Amino acid sequence: ARKNVLEYDDVMNLQRNAIYKERNAILDGKDLSSRIEEIVDDEVDAVIGENCPAKLPSDDWDMKAVDVWAANMTGEASFKAEKVDHEDDPEALEDALEEYLMDTYRSKEETLGADAMRQLESQVMLRIMDVRWMNHLQAMDYLKTGIGLRAFGQRDPLVEYKNEAYNAFQNLTAGMYEDYLRTLLRLQVAVKQEQPALAEDKSPLDGKVSYSSP
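This write-up is about the structure you can find in this document. (Residues numbered from 1 in each chain as written. Predicted model: local features only at pLDDT ≥ 70, side-chain atom pairs only at ≥ 80, totals over all residues. Heavy atoms only, no water.)

**Section: the overall build of the protein chain**
Looking only at helices and strands, one finds six helices and zero strands in the protein chain. Ordered by position from the N terminus, the helices and strands of the protein chain form the series α-α-α-α-α-α. For the protein chain, the proportion of its 214 residues judged to be buried stands at 36%. Taking the intrachain contacts of the protein chain between residues at least 6 apart in sequence as the baseline, contacts between residues at least 24 apart amount to 73%. Summed over its atoms, the accessible surface of the protein chain is roughly 14100 Å², and 48% of this surface lies on carbon and sulfur atoms. (Helix = DSSP H or I, 4+ residues; strand = E, 2+ residues; numbered from the N terminus. Buried < 20%, exposed > 50% of the residue type's maximum accessible area, 1.4 Å probe, protein only. Contact = heavy atoms within 4.5 Å. Areas by Shrake-Rupley, 256 points an atom, 1.4 Å probe, with all protein chains shown as cover.)

In structure tokens:
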């Protein structure tokens, strides 16, 4: 284990550099909105490929799973895969689901305003990156602690570590963008209402006060 410590650290440094390069770009004003369609395409392609593969007839597709996924992403159960005229072509179902998600996103942007949406997108992504990266570091520390035991099974601990670190990083980034998209699509925009003038002896907090967050 001591022999391979530096190589373990090299693996983590590569991942750290990739994460912080993206993080710094966001802090410098990177426009994340240009990635939305790409993220939607990737996520929809994955869920349709898993539940509605082209090699199976449409009668064997798991339409319910697609509906549940769409509802989980948007917080609304208005998308129904069975109502899509797909003609046994999963790409038609993909197109319909992508259009539904993009319409949901554009609706949020229109209500909130472009400038506010750009600011919110950056804040959401930074928060998700920070939380997921910290969890990833803890998982990698745990893996490194016990990876030496793989040698007893005639396996190279360093090779095993590199493979598992790569897979974990792929899951980190995939989950990060899925969380990002889900947060934006489930966003509830509260429009501030004009309040009547308060009496001098009345506190602004008198009455019912409620709080919400994305």
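Let's pick the thread back up.
**Quick word on helix α3 (residues 63-74)**
Given a rise of 1.5 Å per residue, 12 residues ought to cover 16 Å, and the 17 Å separating the end C-alpha atoms of α3 matches this to within 8%. Looking one or two residues past α3, Gly75 carries a phi angle of roughly 80°, positive in sign. (Expected span 1.5 Å × (residues − 1).)

**Some remarks on the nonpolar core**
Grouped together as the largest cluster of nonpolar side chains are 51 residues, with contacts concentrated most on Phe79, Leu93, Leu97, Tyr161 and Tyr180. Elements represented by at least two residues in this core include exactly α1 (5-27), α2 (36-51), α3, α4 (90-112), α5 (114-146) and α6 (157-185). Looking at this core, the element that brings in the most residues is α6, giving 11 residues. Those residues in contact with Leu97, other than ones at most four positions away along the chain, are Val44, Val47, Ile48, Val66, Trp69, Ala70 and Phe79. (Core = buried A, V, L, I, M, F, W, Y, C linked by side-chain atoms within 4.5 Å.)

**Some words on unusual backbone geometry**
The backbone of Glu87 shows a phi angle near 50°, a positive value even though the residue is not glycine. Here Glu87 falls in the exposed class, since its relative accessible area comes to 66%. The residue Asp88 is not glycine, and still its phi comes out positive at about 65°. Position of Asp88 among the secondary structure elements: in the loop between α3 and α4.

**What to know about the environment of His136**
Mapping His136 onto the fold places it in helix α5. The sequence separation of His136 and Leu172 amounts to 36 residues, and the corresponding C-alpha distance is 7.2 Å. Setting aside its immediate chain neighbours within four residues, His136 contacts Met12, Gln15, Ala165, Ala168, Phe169 and Leu172. In this structure the side chain of His136 is engaged in a polar contact, spanning 2.7 Å, whose partner is the side chain of Gln15. (Polar contact = N/O pair within 3.5 Å; in protein donor to acceptor, adjacent residues only side chain to side chain.)

**Digging into the side chain of Arg23**
Mapped onto the fold, Arg23 is located in helix α1. One polar contact links Arg23 to Asp130, side chain to side chain, over a distance of 2.8 Å. Those residues in contact with Arg23, other than ones at most four positions away along the chain, are Leu126, Met129 and Asp130.

Scope: geometric values only; no functional claims are made or implied.
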